[in-house]
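Here's the letter readout for the chains.
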Amino acid sequence: MGKVFCVLLVIITLVSVYPIIAHTWWPPPTISTTGPSVDRQLDETMVGTGVLFISSQLILAGFVWAFGGRKGKIKNWPGGHKPVVAFGIIIVGLEILSLTFVGSKAWAAMYLAPPNEHALRVDVQAEQFAFFFRYAGPDGVFGGVHPELISDATGNYFGLDLEHDVASRDDIVVGSLTIPVDTPILLTLHSKDMIHNFYVPELRLQQDIVPGLEIPLHFTATKAGHYEIVCTQLCGLGHYSMRAFLDVLSQPDFDAWLKQQSGD
Amino acid sequence: MSDTSAQPEVHHHGPPQAFIRKYVFSLDHKVIGLQYYGLALVAVFIGMVLSWLFRIHLGWANMAIPGLQLLSPNGAPGGVMTPEYYLSLLTMHGTIMVFFVLTNAPFAGFGNYFLPIQIGAEDMAFPRFNMMSFWTTFVAFLVLMAAFFVHDGPPISGWTAYATLSSVGKAAGPGEALGQDLWIVSIGFFCIGQLLGSLNFIATTLDLRTKGMKLARMPLSTWAWFITACIGLLAFADLLPGAILLLLDRTAGTSFFSPAGLVVGDVVQPHSGGSPLLWQHLFWFFGHPEVYIAIIPAFGIVAHILPAFMRKPMLGGMRVMIGCMTAAAFLSYMVWGHHMFVSGMNPFSAITFSVPTLIITIPFTVATLIFLGSIYGANLRFTSASLFSLGFISVFISGGISGFFLAQPSIDVYVHATYFVVAHFHFVMAVAAIFGIFAGSYFWMPKMVGRMMNETLGKLHFWLTFIGVYCIFMPMHYLGLAGNVRRYAAFTDNYMIPLIPVHKFITIAALLTGAAQLIFLYNLFHTRFWGPIAPENPWEATSLEWSTPSPPPFDNFGGKHPVVYQDPYEYGVEGPQDYVMQTAPGKVTAT
């Protein structure tokens, strides 16, 4: 029976590891300046924990094979428990230290580094079950927000006071996020109702959008293309369908797009 | 083999004769333990069937499930599950499993039955509290089940019930009316039951140990229940007020969790000044320790069972294991923020929470290495109980490994709220704890019902379950790496559509693995009524529960208090047999 357990565990271990090594299912190529450091962190963790996973499962399998059904004088681990405890503390301790030092840098680049002061600012409003994006328009100033004016029925998703607030009149409100490539972007995330989330796998960014908070999120996309923004925070019955698109355009294409939007 | 002349007499009243006092409102910790176990058994099958239903929906979104419309005409018209009903079932699955299975069975169930016996007591310190704790838990379960039968169905906010989805009421969506209220009331009752139970466990362990039962001679399972009770006393004391505040937000117009300017369905909500993050802090300050409430008893149970089948004590004796469990329990209160890396809290705090989260892997790694090192040189006997214990080690390794990823904010920012997380917590707390429960069931059922379980069926159950859980949960890691978001009722995003075949595979594996649990159920019922009579000590084990008849008499030791002379795991010793009972006087010589 020990041999069956051993063989089965070896098979389970190898089959489990194969798709990881073969990258059968894997994160899509990253398109952000901070993405590669996240990927590097993921790879390093994968190697470190992969060694721990495979070795510990195989040791378990091997010991069960060797000592299963045995009838003899029991033996103790040579050297006793102290080297085992020390080994565990040192190996995991080193792993923790290295991961924390490298990982904190990756995190800091995303969240602790200040945004570029010339970043293109986009205001994001999340609601059940849609995202809306607001650009400041030709005047470069965002109009004020008034929750009591928010109305899906009239398409006033941000609660702009068009009547009294001049700055809000040229604000551009659209249903998908269009940005220029290689340009720092600063999003300000708001939610009008539930907690939602802004997740773009290619950007390696995921940020909750919390009602009552204004959460800044900055990034720079490095590759033009059409990507999906999905909500990852359970926000109600239509959660699964809550998404928008991220269009990363070349600077001339973006300028033309912005001009076209302002002209509407 | 125990020295009966040294045993002090117990002054006790006779067992109750009336049916109600004997089987229903019983004060006997053994009956209460069985009641908890029975409740967990009912709950686990309901929770499993729910997972079957929503797994089928995830693989085949438009498929009609015959009969589902009878459970909820609104939630499943014509048997086809609506997205909101998917979320309802998901919420109920999580709540039932975490609270009524993973907390009830390994801690309250086995703990109630065996903690007093393992320390040589005739009952818990507060038998009436004990009865109240079970019946409060039972009421909590009924209140939760009632949510299935209210108009809008059960809540859709998940077992984490994040505000503001859970705090603004009916406007948030179906199930967020009466269903969510029932959920909160249920959790409140559950907390009260657990607080009473935890107090009882602590008082019993500290005050009722028999002569010679020093703390250092308590079995590892008793240590685990004791440590868990200490965690529970703090954790449920945090969730209970949290639940009350949430209920007040919904019913009394307070604004603990709902901020100003909230607009739901074009209507400005009458709230001001609340914070949705406050709920997350309160919830996870309970929620992370709750994970350890599920897993530490399983750790203790496995560490208690394995020596009996290895015929040797754990490597390093008991101290290392106790140290690991205590360290994990202590650290469990410093790591709750790792559930909130992307929540919008100050990004500096992510690093603060990341470090203790990574440090908490040290006691668990050491414990795993101790398990592995202990098997070296053993005379390993294969039974259903030992197989599930070995399986526990394997699934705990698999679940623990993914913790390294999630503990790092820079990786969590990619895999947070994906199936990677689902894989992690199912392996490390759900499957590992369930393996602990199964190991405990096969090990202790002879003592609890006085009959031996069928080993052939038990082993078949193990092989199918072991393969099954890997088929279900290992692929979820791959889904998460590919960015597959959890809690989605259907996968309509372009990049998720190619992942649906993986979901189908998981669903089929879940159905088959679930069906394999019927073997256990059959074995359990067959054993209860027709199993061969169990001897007093079928596994040649050493702790006190094996020095009393199977099942034990009303006062556990037949009018005497046992006297303890030995450490709990004296296996592999010299003498006529390779073990020495805790009640055996004299000096033990190791081989």
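Procedures and definitions
- Residues numbered from 1 in each chain as written.
- Chains lettered and ligands numbered in written order.
- Predicted model: local features only at pLDDT ≥ 70, side-chain atom pairs only at ≥ 80, totals over all residues.
- Pairing = 2+ DSSP bridges.
- Helix = DSSP H or I, 4+ residues; strand = E, 2+ residues; numbered from the N terminus.
- Axes fitted to C-alpha atoms, helices over the stretch in contact; angles between N-to-C directions.
- Contact = placed C-beta atoms within 7 Å.
- Nonpolar A, V, L, I, M, F, W, Y, C, P; charged D, E, K, R; others polar.
- Domains from an automatic or database assignment.

K.L.:
It is not clear to me how the sheet that holds strand 1 (residues 120–127) of chain A should be interpreted in this structure. Could you clarify?
P.N.:
Two orientations exist for strands paired in a sheet by backbone hydrogen bonds: parallel and antiparallel. Residues and elements named next belong to chain A. Pairing is mixed in the open sheet, where 5 strands are placed in the order 3-2-1-5-8. Among the strands making up the open sheet, the edge pair consists of strand 3 (172–174) and strand 8 (215–220). In this sheet, neighbouring strand axes are inclined to one another by 25 degrees on average, regardless of whether the strands run parallel or antiparallel. Across 7 bridges, the pairing between strand 1 and strand 5 (residues 184–191) is parallel. Bridged to Arg 121 within strand 5 is Leu 186.

K.L.:
Explain the interface of chain A and chain B here, please?
P.N.:
Reports of interface size often rely on the accessible area that becomes lost once the parts have come together. In this complex, chain A contributes 89 residues to the contact, which on the side of chain B involves 88 residues. Elements represented by at least two residues in the side of chain A that touches chain B include exactly helix 1 (2–21), helix 2 (35–67), helix 3 (81–112), strand 7 (205–209) and strand 9 (225–230) of chain A. Sort the elements by how many residues they give to the side of chain A that touches chain B and helix 3 of chain A lands first, with 18 residues. When the residues that make up the side of chain A that touches chain B are grouped by side-chain class, the tally is 48 nonpolar, 29 polar and 12 charged.

K.L.:
What am I meant to see in the pairing of strand 5 of chain A here?
P.N.:
Two faces make up the sheet, and in a regular strand the side chains alternate between them. Bridging between strand 5 of chain A and strand 8 of chain A involves 6 bridges; their strand directions are antiparallel. Directly across from Pro184(A), in strand 8 of chain A, lies its bridge partner Thr220(A).

K.L.:
Looking at this model, I keep getting lost on the domain arrangement of chain A. Mind explaining?
P.N.:
Residue and element names in this part refer to chain A. Assigned domains of chain A: these are domain 1 (2–68 + 81–112) and domain 2 (120–263). Taking only C-alpha atoms, the centre of domain 1 and the centre of domain 2 are 37 Å apart. With 9 residues of domain 1 at the contact, the number on the domain 2 side is 12 residues. Residue composition of the side of domain 1 that touches domain 2, grouped by class: 4 nonpolar, 5 polar and no charged.

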